[in-house]
Amino acid sequence: IVDEVHMLSQQAFNALLKTLEEPPAHAMFILATTEAHKIPVTVISRCQRHDFRRISVSEIVKQLEVMAKTEGIEVKPEVLALIARQATGSLRDAISILDQLASADQEITSELAHQVLGTSPDQAVLNLVDAILNNDATAGLDTLHESAERGNDPAQFARQVIAYFRNVLLMQMGNPDRIDVPGNVMEVIKKHSQEIEVKQLLDLIKIFNGAINDRGAAWQPS
């Protein structure tokens, strides 16, 4: 296995090409890269290409359900969905999170999951978005302070807000099938998609991205 093969020099590629053209019978070469466009065509033409993708939330939930049942872990479907969304397409990360929650020696509730993950409940995100759209700074700051008092990571909260705005954008662009959220949140997304303009939405995503990147220089993360 050659990991990050795109980092090889041209001379190394030339040496590898000879081996790929006449590989030994007992060997199989697996070339892994995140930048396939940097691999010479002469090398790609001699390989079988397999593109890996992130696993969907529903697929991760199904696998976690099987594992929880096998291990005798009692966990509600909404918690598994939260774990799956937090894993961002990585089954390995999802399994690690479930294992972490299972070792807490108490019932795995949504509250426990949010506490361990440092995330905020969906309602907190919705409250902040409502405050922004209503130009209600008081309500917005109250939501941020309440989230911080619960021990939630401000940067993680900002990522959740960005993810929510992305879902609103997907709704506006006519791609609701790519939005994987609970039914009650989906209804709010539909409502917000009709209330906010695309330019404002993109500006908000840019602002929250900037807040995450600048948090290291801030004495008050919130």
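Figured I'd write up the structure that's included with this text. Chains are numbered independently. Their residues run from 1 in the order of the written sequence. This being a predicted model, a pLDDT of at least 70 is required before a residue's local features are given, and a value of 80 or more before pairs of side-chain atoms are given or counted; all residues contribute to the totals for chains, interfaces and linings. Heavy atoms from the whole structure form the basis of all side-chain values; hydrogens and water molecules are not counted.

1. Details of the overall build of the chain
And step 1. Helix and strand definitions follow DSSP, with helices as H or I runs of at least four residues and strands as E runs of at least two, each counted in order from the N terminus. The helix and strand inventory of the chain stands at 11 helices and zero strands.
And step 2. Along the chain, from the amino end to the carboxyl end, the secondary structure elements read α-α-α-α-α-α-α-α-α-α-α.
And step 3. Note that the radius of gyration is over C-alpha atoms, with the globule rule given as 2.2 Å times the number of residues to the power 0.38. Relative to its length of 222 residues, the chain is extended, with a C-alpha radius of gyration of 22 Å against a globular reference of 17 Å.
And step 4. Along the first, second and third principal axes, the C-alpha set of the chain runs to 70 × 45 × 40 Å.
And step 5. Throughout this description, buried means an accessible area under 20% of the type-specific maximum (1.4 Å probe, protein chains only), exposed means over 50%, and partly exposed covers the range between. Across the 222 residues in the chain, those meeting the buried criterion constitute 32%.
And step 6. Whether two residues are in contact is decided by their heavy atoms: any pair within 4.5 Å suffices. In the chain, of all internal contacts separated by at least 6 residues, the share reaching a separation of at least 24 is 65%.
And step 7. We get accessible surface area from the Shrake-Rupley algorithm with a probe of 1.4 Å; when it comes to residues, only the shown protein chains can shield them. As displayed, the chain has an accessible area near 14400 Å², and 52% of this comes from carbon and sulfur atoms.
And step 8. Charge counting treats Lys and Arg as positive and Asp and Glu as negative, with His and both chain ends excluded. Where a charge lies is defined by one atom per residue type, namely NZ (Lys), CZ (Arg), CG (Asp) and CD (Glu). Taken together, the 20 basic and 30 acidic charged side chains of the chain have centroids lying 8 Å from each other.

2. Some details on the side chain of Ser 193
And step 1. Relative to the assigned elements, Ser 193 resides in helix α10 (residues 183–195).
And step 2. Judged by relative accessible area, which is 15%, Ser 193 ranks as buried.
And step 3. In the analysis that follows, any N or O atom pair within 3.5 Å is treated as a polar contact, provided that within protein one partner can donate a hydrogen and the other can accept it, and provided that, for residues neighboring in sequence, both atoms belong to side chains. A distance of 2.6 Å separates the side chain of Ser 193 from the backbone oxygen of Lys 190, its partner in a polar contact.
And step 4. Beyond its immediate chain neighbours, meaning those up to four positions away, Ser 193 contacts Val 168, Met 171 and Gln 172.

3. Let's talk about the packing of helix α7 (residues 122–133) against helix α8 (residues 137–149)
And step 1. What counts as an axis is a line fitted to C-alpha atoms, over the stretch in contact for a helix, and the angles between N-to-C directions run from 0 to 180 degrees. For the pair α7 and α8, interaxial distance at closest approach is 8 Å and the crossing angle is 155°. Accordingly, the angle class assigned to the pair α7 and α8 is roughly antiparallel. Two packed elements cross with a definite hand, and for α7 against α8 that hand is left-handed. On α8, the residues touching Ala 124, Asn 127, Leu 128 and Ala 131 of α7 are Ala 139, Gly 140, Thr 143 and Leu 144.
And step 2. Class assignment for the residues of the contact of α7 with α8 results in five nonpolar, three polar and no charged. Convention used here: angles under 35 degrees read as roughly parallel, angles over 145 as roughly antiparallel, angles from 65 to 115 as roughly perpendicular, and any remaining angle as oblique. The hand of a helix crossing depends on one turn: near helix anticlockwise from the far one by less than a right angle means left-handed, and clockwise means right-handed. Charged residues are taken to be Asp, Glu, Lys and Arg, nonpolar residues to be Ala, Val, Leu, Ile, Met, Phe, Trp, Tyr, Cys and Pro, and polar residues to be all remaining types, Gly included.

4. Looking at a negative patch on the surface
And step 1. Patch membership requires more than 30% relative accessible area and the absence of a salt bridge. Residues of like charge join within 9 Å; the nonpolar side chains Val, Leu, Ile, Met, Phe, Trp and Tyr join within 5 Å. We define a salt bridge as a side-chain nitrogen of Lys or Arg found within 4 Å of a carboxyl oxygen belonging to Asp or Glu. A surface patch of like charges, here negative, comprises Asp 136, Asp 142, Glu 146 and Glu 149.
And step 2. Checked against the element boundaries, Glu 149 lands in helix α8.

Remember that the coordinates give geometry; whether it matters functionally is a separate question.
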